[in-house]
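Commentary on secondary and tertiary structure
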Amino acid sequence: MVVTIAVYTFFLTCLIGRQFLDPAQGYAGHELDLGVPVFTLLQFFFYVGWLKVAEQLINPFGEDDDDFETNTLIDRNFQVSMLAVDELYGQVPRCTQVYVGLPQVYP
């Protein structure tokens, strides 16, 4: 929510702040420039696109009953990792030679 407000506030301040007023023209009252800020609009579209992608990446599998329970999966993987680190510390498995490649053919 905060990021959404920040993106829209940034865009509004850019619309006003990036206007070109030529002081040599002698504008009476410094009216706003009514040109279309193409690069500011392009930047806004990219930022809003990234914002929408980030909103979907928060929970990519959704919240429906049919969806994966990602929190359960993450908790389980975290527990197994902590088990491997805490209780299996110092218990190094035996090294065995691994044969990789084609099997030897004996005549």
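All figures in this text were calculated on a predicted structure; none of them were measured in a lab.

1. Concerning the packing of aromatic side chains
Counting across every chain of the model gives six aromatic pairs. Their ring planes at 55° and their centres at 5.9 Å tell us that phenylalanine 44 and phenylalanine 45 sit as a pair that is tilted. Aromatic pair tyrosine 47 and tryptophan 50: ring centres 5.7 Å apart, planes at 45°, arrangement tilted. Taken as a pair, tyrosine 47 and tryptophan 50 lie in helix α2 (residues 38-58) at a separation of three residues, close to a single helical turn. What makes tyrosine 47 partly exposed here is its relative accessible area of 30%. In textbook terms, an aromatic cluster arises when at least three aromatic residues are bridged by ring pairs, as seen for Tyr8, Phe11, Phe44 and Phe45.

2. Overview of empty space enclosed by the protein
All chains considered together, the criterion is met by one cavity of 30 Å³ or more. In this structure, the largest cavity occupies an estimated 40 Å³ of space. Taken together, Phe10, Phe11, Cys14, Thr40, Gln43, Phe44 and Tyr47 make up the full set of residues lining the largest cavity. Elements that contribute at least two residues to the lining of the largest cavity include exactly α1 (2-17) and α2. Here the lining of the largest cavity gets four residues from one element, more than from any other, and that element is α2.

Calculation rules
- Sequence order as written defines the numbering, with residues in each chain counted from 1.
- pLDDT decides what is reported in this predicted model: residues at 70 or higher carry local features, side-chain atom pairs at 80 or more are listed and counted, and totals for whole chains, interfaces and linings draw on all residues regardless.
- Only heavy atoms go into the side-chain values, all of them from the structure, while hydrogens and water stay out.
- Pairs were defined over the aromatic rings of Phe, Tyr and Trp, the Trp ring being its six-membered one, requiring ring centres within 6.5 Å. Orientation was assigned from the angle between planes: stacked under 30 degrees, edge-to-face over 60, tilted for the rest.
- Elements are defined by DSSP. Helices are runs of H or I of four residues or more, strands are runs of E of two residues or more, and each kind is numbered from the N terminus.
- The buried label goes to any residue with under 20% of its type's maximum accessible area, the exposed label to any with over 50%, and the partly exposed label to all in between, with areas taken from a 1.4 Å probe on protein chains only.
- Of the two site types, the cavity is a set of points on a 1 Å grid over the protein atoms alone where a 1.4 Å probe fits but cannot get out, and the pocket is an open set with protein on both sides within 12 Å along at least five of seven lines, each lined by residues with an atom within 4 Å of a point.
- Grid points are joined across faces, edges and corners, and a volume is the space filled by probe spheres set on the points.

Limitation: the analysis is restricted to geometry and does not speak to function.
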